[in-house]
Each structure stands twice: as structure tokens, then as C-alpha cells.
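The residues making up each chain are set out below.
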Amino acid sequence: MVSFATGGGGSLLLDDVVMDGTWGISLRTGSSLEMRNSQLEAEKSGIDLGMADGEAWIEQSTLHVRNGSGVSVQGNSKVDVHASAITTGGNQNPAVAVYEGAATLSETTLHTTGMYAHALHTFGNNATAPTVTATRIEVVTEGESAYGATARKGGNVHLADSLLRTRGQKAHGVLADGRGELTLAATQVITEGEGAWAAAIVEGGSLQIDGSALISQQHGGVWVRSSRDPGLTLSNGALVSGGNGIGLALDAAVAGRFDVVLEEHSQLVGDIVITPEDEDAGLVPQSDVHVRLAGGSLWQGASDLVQTMTIERASQWTLGADATVGELRVLDSGLALSDGSGRFNTLTVGGDLHSEGATFLFQGALAGDDSAMDQLHVQGDTSGDASIVVRNIGGVGAPTEDGIALIEVDGASLARYALAGRAVGGSYEYFLFQGGLADPSDGNWYLRSQWFDVCQDDPAAPGCAVNPGPGPDPGEGGDGGEGVGPVDPIRPPPVLRPEAGAYLANQSAAISMFAHRMHERTGALGSERTAWARAGRSHADFTAVGGQLSVDGNTSVLQIGSDLLRRVNAAFGVMLGSGRADNRVVSDLTGYTATGHVRGTAMGVYGTWLQDGEGTHGAYVDANVQYGRFDNRVRGVGLEPEQYDSRTTIASLEAGYTFNVWQGRRASCTFSRSCNCRTRSSAPTVMWSTTAR
């Protein structure tokens, strides 16, 4: 052990020194130590500033204490550590502990391995304010309940541009306790062990988070048992994330107003709840929670504790489960009722909902009226405006009757909502309507696979109920008895999306692209093998699905082939083909369009037999087999393009009989009647050929 003091204050300079022993260095009253480029290995203690007014400067040095504290500061002493490394072993042995005085660390690494061995530890006596200020440090603790940094009983810890990582069970990242104050600026706190909160605020502690990340991989984000501050603020891109789904947990005993504020692109990932232990005990929460998201911030989670919530300035709340909120305001921001995982949620607003320039995202499996879907239930009034975005997850589409309920309003339904983009499921197109078909005045908002409401467009249409006005008074000749019975509302036909027509057009083009007949490929046979080429272009123009869709398409194909074997009246060969088809489909109801594109190649074999080798009369048989591969694409307005592959195997057998119906000196007209087994149809074929006479 090195111990030194003088009446006027002693000093010790260690430069490029290696020390190893049971005890380290102890500074007495008024002493100072300067340690540079040195190494200290000790069994029981490292550097101990246990007396008053000591000072130590440690630079580019290493301290390794096998079973003791690294640096201990008391008596209003000070220590400055730069570009060094401190490692401790054994239980309850912190790397740097300040009980009275101050420690400043920069570009330094701290590592502890024992239980309760905190890396940075400040512990006051409610009269002193021990302080640690650290910049660009890296911290790792291995043991159970070994925290990254603690500010207790009036202690202060200020961290900037640093990384704290804990690996043990219940090893919280940072702890503010009993008037302790922790500030985090551009600092990452990561906990890996079970039961380890990223941050804990107990007994009146204070935590300020500025541009920092607090991440618990297996437990919750922030635990508030008792806070000196009436809330928690995340600012300048801060992140709090709980691996167990809890972002912020309040003890049930936390009473009064508690404000959760996310500002300037900050994020909270996880629910706002009372602590699981208090919830399991059936304790009633006493807190009054208010949440505000601003400046592009994001909360991804749910809660039943929030009394009021404001989402403003391009921020967003994404629900991870069912949630309840007292009052909700969404201003130029977004509300996503589920996170796309396949779980669909219900948000209940106990009071009023006001929105301006807002976007509400609903996700679900679009089908009929009973579709599994996100829902918004407002028990008060709605006002303002919002765009409604609908995203289909696994829905196959189906006709609707009353509609898929999206927004239920118990009070005055005064808000104006409009569908943004398209809502599609399977082959169906959905649109947003206020009011059901059964009760058009219910004030709720529905998705229906209908383009318009016939009765609203024409109240006198067949099947629409017409208000006949007041009937005759029974005393004036009216019988007051039978009246017009209820009339079922008319059901507009479902609307099919144009992409369905594009899929059909692509399929049709792929099937017929390389199909051909014998006379499109060859003419008379001879004794020599021949090669051939066929180029073709076709145009399709038709309507589909009851006239809703108009299809216009063009197909181009090039095929080449060559005989492998040829006799006088028979041939066998191979062929290759390449083709493309481009289709455009328009919905005559909605005006939406879709395009389909097909790119294909094929290879095959063919065989032909002619009774007459010249091919001008007599029976013939032709067969071919082809295998095709196609790359397909469908793109609709406002939708992501969809790409898929397809394969075809085509076998064709054609048989017929050819005979001349007229022949002149230089030309002949030959008539052929054939049966093509591929298309299961028969048709006459007229061939012109030149002959020498």
C-alpha cells in the first residue's frame, strides 16, 4: 500500500510505473496524485481518496482490483480519469464510487464482475451532493443487481456520449433514488438480464433523457416508483424500449398528475402500465397520466391509464394492443390502430375525439361485414377531419351488406372522414360510407364493397323507402290501420377491382401465347428438312365481370423451329418461342386502372403426318407439346406492383381433311375442315397456294 501526506499537502507522481500488491494507493488529507501511463494491480483496493481535500489525476492508465473498489472518493475530494480502464472483481465493489466530492471521467472504460458491483456509484447523505460527470465512457457490469450508474441520496450522475451495458439479472441500467439526479445526453443504456429495467426512478429521484436510448432486452423500459418530477420527458430523438412489452411502468401509489412528453423525434416502445406486481395485487392506480407526442415523435404501445392524449406536429401513435384513452386530439399527425403483426385492436375514446389534418390507419382481413378489423369507438363526440387509410392483411375479399364497421360514434358524429388511397381485398374494392344501409343516420363509418348508394343517389329507385309524409287522420277518413310495410333497402352490386381483370388477362395471354395450328407453321412436305419462323401479333378488347371492367391487350410472339426428321409425308421437329403481352384494364365504375405485363418463353416438339405430301388434299394429323415459363406483373393505381411466375404445359392434337374447291391456272383455293383437340373446337381453314401449270 502506498500512503502519503505532508503538513502542507503531499504529492505523488507515477509515470510509466507498474504496481502490484494487496492494497493500492491511499491519499490522506490535502494530498494529490498524478498517475500517467501506469498500471496498478491490487487485491483489496485501488485508489482511495478517503480523507478531505484530496486530488487525483489518472491518465492513460489501468486499474485492476481483484476484490475491492476501483476508485473511492470522500471528504470533498476530486478525481479526474481520462483515457484509462478500471476493472473490479468481487461483490459490492464499484468501479468508481463518490460519497462526497466529485469525479470526472472521459474516454474511459469501466468493468465490474461481482453482485451489486455498480460501475458508477454516487451516494450522498441528503446533505452533500456527490457528483460524477462522464463523457465518452463505456461501461459493462456482469453481476446480478450490478447497475450501470446510480445517483442515490442526493447524488448526481451526468452522462454524455457514453455506452452503459449490464448483463446480470435485475441489473438495472441507471437508478435515480432519494433525491438523486441522473441526466443522460446522447447516451445508450442497454440491459440484457432478466428483471433488469433500463432505468428506475424511486423515492423521489429525477431522470432527464436527452437524445439517449434506454433499451431493456428482456424487461421494461422505465420503472417509476416515486419521482421528484411530475412526469417523464424524452427529447431530441430519445428512445425508451421495453423488451417485455412495457415501456413505462408506474407504481400504483404514484399519485397526482403525471405527464409523459415525447418531443423532437423521440420514441417510446412499449405500454404505459402500473407495475405488474401492483397489478397482480389488485392495487388501484392513483396517477392521472397525460401523454403528448410532438415534433415527429412515436409511441408504439397501449395503455388504459391515459386520461388525455395529444398527438401533434407529424407524430404518431401505433397501438400494440387494445387501448383506452379519456380524450384524444390528433393534429397533423397519425394514429395507427395496429402494428401490422396480424393482431387487430380496438381503441376506445371515453370522451371526445378531435382531429385536424390527421391520418387514421386501419388494418384487417377485408372480407364481409364480420371481417376481423381494427376499430375505433368514440363514446363522446367527433369533430374535425381525417384521412382514413385501410390496409388489407390476408383478407380474400367478399361482398358486404351493411358494411365493415370502422368507427363507432356514440355522441355527435360531426367529423369529416375521407378514404385516402384504395382499400382492396381479393378481387373487391371497398369504399368509405357514413351510416349503415340498415340505419343511414347512425353516425358510424363503414367500409362497403359498393361504389355508391342507390337510394341516396335516387330516393325513388325501386326498393328504396320513400317518406310519404303524414297520413290522413283517422278522424278525417283515415283508417289509421294498415300502412306501407317495410321495404328492404336496395343492395348495390359489389365493386370488383381492375387488378382482377389484369390477372385474368395475364392468364389468358400466357395460355394462348404460343398456341398455333399446323398451317401457321408449315405447308407442303418434301424430302428435305426445313427450318421455319412464325411471327404474330394479336389484339384483345373485351369486358369482364358483368361489364364492370374493360380489357384492352396486345400480344406479340415469335417462334422458330426446325425439322429433326423428315419423310415424304411426315416430319418431326423442335421449336422455341418468345413472346410478350401488355394489358390495360379500366373499371367503368371507379375509373381506376390496372396494367398487366407478361414476358414468356417456350420450348417444344411437333410432329406432322399428311396423306398427301403436297398438303393440298387428303387427311392430316398434327401434334405438338410445349412447355412455357412466364414472368408476370400486375400494377394498380396506388398499390404496390405484384410480380409472380407461372408455368404452362400445352399439348395440342389437330386432325382434318383437305380438298380443293376450285383451281385455276395460277392459283387454287383449298378447303380444309379440321378438329383441334387443344381447343375442343372445329373450324374451316381456307388456304391459298400458288401452283405451276
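In what follows, the accompanying structure is described. (Residues numbered from 1 in each chain as written. Predicted model: local features only at pLDDT ≥ 70, side-chain atom pairs only at ≥ 80, totals over all residues. Heavy atoms only, no water.)

**Digging into empty space enclosed by the protein**
Phase 1 of the analysis: The tally for this structure, following the rule as stated, stands at 1 cavity of 30 Å³ or more.
Phase 2 of the analysis: The space that makes up the largest cavity amounts to roughly 50 Å³.
Phase 3 of the analysis: If you go around the largest cavity, you meet 10 residues; those closest to its centre are Thr-522, Asp-563, Arg-566, Ala-571 and Tyr-606.
Phase 4 of the analysis: Residue assignment for the lining of the largest cavity shows that the elements contributing at least two residues are strand E50 (549-566) and strand E52 (593-610).
Phase 5 of the analysis: A per-class count over the lining of the largest cavity returns 4 nonpolar, 3 polar and 3 charged. (1 Å grid on protein atoms, 1.4 Å probe; cavity = no way out; pocket = protein on both sides within 12 Å on 5 of 7 lines; lining within 4 Å. Points joined across faces, edges and corners; volume = space filled by probe spheres on them. Helix = DSSP H or I, 4+ residues; strand = E, 2+ residues; numbered from the N terminus. Nonpolar A, V, L, I, M, F, W, Y, C, P; charged D, E, K, R; others polar.)

**Considerations on the pattern of salt bridges**
Pairs can form between side chains of opposite charge whenever their charged atoms are close.
Phase 1 of the analysis: One pass over the full model with this rule turns up 25 salt bridges.
Phase 2 of the analysis: Among the salt bridges present, the one from Arg-497 reaches Glu-499, with a minimum N-O distance of 3.0 Å. By the burial criterion, Arg-497 is buried, and Glu-499 matches it.
Phase 3 of the analysis: Ionic pairing is found between Arg-534 and Glu-520, a salt bridge with its closest N-O pair at 3.5 Å. Remark: Glu-520 occurs in helix H4 (residues 518-521) and Arg-534 occurs in strand E49 (residues 531-544); sequence separation between them is 14 residues.
Phase 4 of the analysis: Of the residues examined, Arg-534 reaches a relative accessible area of 12% and is grouped as buried. (Salt bridge = Lys/Arg side-chain N within 4 Å of Asp/Glu carboxyl O. Buried < 20%, exposed > 50% of the residue type's maximum accessible area, 1.4 Å probe, protein only.)

**So, a nonpolar patch on the surface**
Phase 1 of the analysis: Together, Leu-564, Leu-565, Phe-572, Val-574, Val-605 and Val-625 give the surface a local cluster of nonpolar side chains, amounting to about 460 Å² of exposed area.
Phase 2 of the analysis: Going through the elements one at a time, E50 and strand E51 (570-587) are the ones with two or more residues in the nonpolar patch.
Phase 3 of the analysis: By the secondary structure assignment, Val-574 is in strand E51. (Patch = residues over 30% accessible without salt bridge, like charges linked within 9 Å, V, L, I, M, F, W, Y side chains within 5 Å. Areas by Shrake-Rupley, 256 points an atom, 1.4 Å probe, with all protein chains shown as cover.)

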